[in-house]
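For reference, the chains in residue letters:
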Amino acid sequence: MNNQNNQLNPDAQFQPYTTQPMGSVQDEIDLRELFSVIWKGKWIIIAITFVFAVASVAFAINQPNIYQSEALLSPADSEQAGGGLAALAGQFGGLASMAGINLGSGAGADKSQMAIEVMLSRKFLGDFIQEHDILVDLMAADNWNMLENTLSYDNDVYDISKGEWIREVKPPFKPKPSLQEAYKQFTKNLSVSKDKETGMITVSIFHYSPYVAQKWTEWLIKDINKVMKNRDVAEAIRSTEFLNKQIQQTNVADIRTVLYKLIEEQAKTIMFAEVRDEYVFKTIDPAIVAEVKAKPNRLLTVLIGTFLGFFLSLFFILSKLLFKRIS
């Protein structure tokens, strides 16, 4: 009987599939329900987005302006010792090696990269902060008055009337910031970059006051040139003293000739350093007092905050729908 019924109704085997709703119809129902839920919760979305937008505006307005002062530098020409030592290496390289003297090209190498590393070091920046007495302006300043050209300070950190640090910190930190703390903060305010194609170096300082930023940038360039000059002069003096001792201990004429040539190169290094203030970096474009702030971007802050509020409110509405379906 069953076989006869199946033969009389050959489409009966497909009946279970035709009674189920099609996938596209089900998806359409889901989308309608989704938009319906969003539409019902539109006031929640509007309210949350509005709150975030207002909060973003308030936050952006209360953010102080940060100004940038930058200088464009060029590596100074290494005229002091590179060529002379290279010539000596070609002429007396064998004898110099026998005497234990290195005539490599290191003396004439570009010092700009080393100067950049020195500029970013804890020792240099720590000495810079102490020498120029900028700890208060670095660690306690929180705004700048454009009309009076004065800095304001955080009353919870520094008492300007008494000249005392009053911030509350846990050990091992102290009310007065250490040089390690000052170094970390200064590196946030400092930017040093080198163009790989042109070799030009850009030094930038960010601060609440454009006058402070410009002054610190000038001091940095002056100090790094001075430090690198003093290093090379001190090294040349020590080398000269050593070479003079070696001359007194040898009677080989060719080696004495090499040693005298090396002393001559050290004398050139000292002379070169004494006559040039811009020893490592030449200033191509000096630092200026910025008229326009570098940051914050208040419009971007408001847009990000507003969109964040919108997406969070949308997530809240959809989460309620999801939990409702699960339960």
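The sections below set out a description of the structure shown in this document. (Residues numbered from 1 in each chain as written. Predicted model: local features only at pLDDT ≥ 70, side-chain atom pairs only at ≥ 80, totals over all residues. Heavy atoms only, no water.)

1. Digging into the side chain of Asp 159
Where we set the bar: Put simply, DSSP marks the helices as runs of H or I at least four residues long and the strands as runs of E at least two long, and each gets a number from the N terminus on. Burial here depends on accessible area, computed with a 1.4 Å probe over protein chains only, as a share of the maximum for the residue type. Under 20% is buried, over 50% is exposed, and the range in between is partly exposed. Neither His nor the chain termini are counted; the positive set is Lys and Arg, and the negative set is Asp and Glu. Any carboxyl oxygen of Asp or Glu within 4 Å of a side-chain nitrogen of Lys or Arg constitutes a salt bridge here. Pairs of N or O atoms are called polar contacts if they sit within 3.5 Å, as long as, within protein, a hydrogen donor faces a hydrogen acceptor (for residues adjacent in sequence, only side-chain-to-side-chain pairs).
Among the structural elements, Asp 159 can be located in strand β4 (residues 158-159). It turns out Asp 159 is buried and unbridged, and the closest side chain with the opposite charge, Lys 162, is 4.5 Å from it. Separated by 2.6 Å, the side chains of Asp 159 and Ser 161 make a polar contact.

2. Let's talk about the pattern of salt bridges
With the rule as written, the count across this model stands at five salt bridges. One salt bridge connects Lys 123 with Asp 127, and the closest N-O pair in it is separated by 2.5 Å. Taken as a pair, Lys 123 and Asp 127 lie in helix α7 (residues 122-132) at a separation of four residues, close to a single helical turn. Asp 277 serves as the salt-bridge partner of Lys 229, at 3.7 Å between the closest nitrogen and oxygen. Highlighted residues: Lys 229 in helix α10 (residues 210-249) and Asp 277 in the loop between α11 (253-275) and β8 (281-285), separated in sequence by 48 residues. Take Lys 229: its relative accessible area is 13%, and that puts it in the buried class. Asp 277 gets classed as exposed once you look at its relative accessible area, which sits at 64%.

3. Overview of the packing of α10 against α11
Where we set the bar: An axis is simply a line fitted to the C-alpha atoms; with a helix, the fit covers only the stretch in contact. Between two such axes, the angle follows the N-to-C directions and lies from 0 to 180 degrees. Angle categories are assigned with fixed cut-offs, so that under 35 degrees is roughly parallel, over 145 is roughly antiparallel, 65 to 115 is roughly perpendicular, and the rest are oblique. Left-handed describes a crossing whose near helix is turned anticlockwise from the far helix through less than a right angle; right-handed describes the clockwise counterpart. The contact rule is simple, with two residues in contact once any of their heavy atoms fall within 4.5 Å. Under this grouping Gly is polar, as are all residues other than the nonpolar Ala, Val, Leu, Ile, Met, Phe, Trp, Tyr, Cys and Pro and the charged Asp, Glu, Lys and Arg.
Close contact between α10 and α11 brings their axes to 9 Å; oriented N to C, the two are set at 160 degrees. Between α10 and α11, the angle is such that the two are roughly antiparallel. Judged by the twist between their axes, the crossing of α10 over α11 is left-handed. Facing Lys 229, Asp 232, Val 233, Ala 236, Ile 237, Ser 239, Thr 240, Leu 243, Asn 244, Gln 246 and Ile 247 of α10, the residues of α11 in contact are Arg 256, Leu 259, Tyr 260, Leu 262, Ile 263, Gln 266, Thr 269, Ile 270, Ala 273 and Glu 274. Tallied by class, the residues present in the contact of α10 with α11 amount to eleven nonpolar, six polar and four charged.

4. A word on the environment of Phe 242
Within the fold, Phe 242 resides in helix α10. Spatially, the C-alpha atom of Phe 242 lies 9.9 Å from that of Leu 259, the residues being 17 residues apart in sequence.

5. Points about the sheet that holds strand β1 (residues 67-75)
The test is simple: When DSSP finds at least two bridges between two strands, those strands are taken to pair.
On the basis of which strands lie adjacent, the open sheet formed by four strands has the order β6-β7-β1-β8 and antiparallel pairing. Both edges of this open sheet fall to β6 (190-194) and β8, since each of them pairs with a single strand only. Adjacent strand axes in the sheet meet at a mean angle of 30 degrees, parallel and antiparallel pairs treated alike. When β1 meets strand β7 (residues 201-207), the two strands line up antiparallel, connected through seven bridges. Each bridged residue has a counterpart across the sheet, and for Ser 69 the counterpart in β7 is Ile 205. This element, helix α6 (residues 112-119), spans β1, β6, β7 and β8 of the sheet and lies at about 165 degrees to β6.

Spatial relationships are all this shows, so hold off on functional conclusions.
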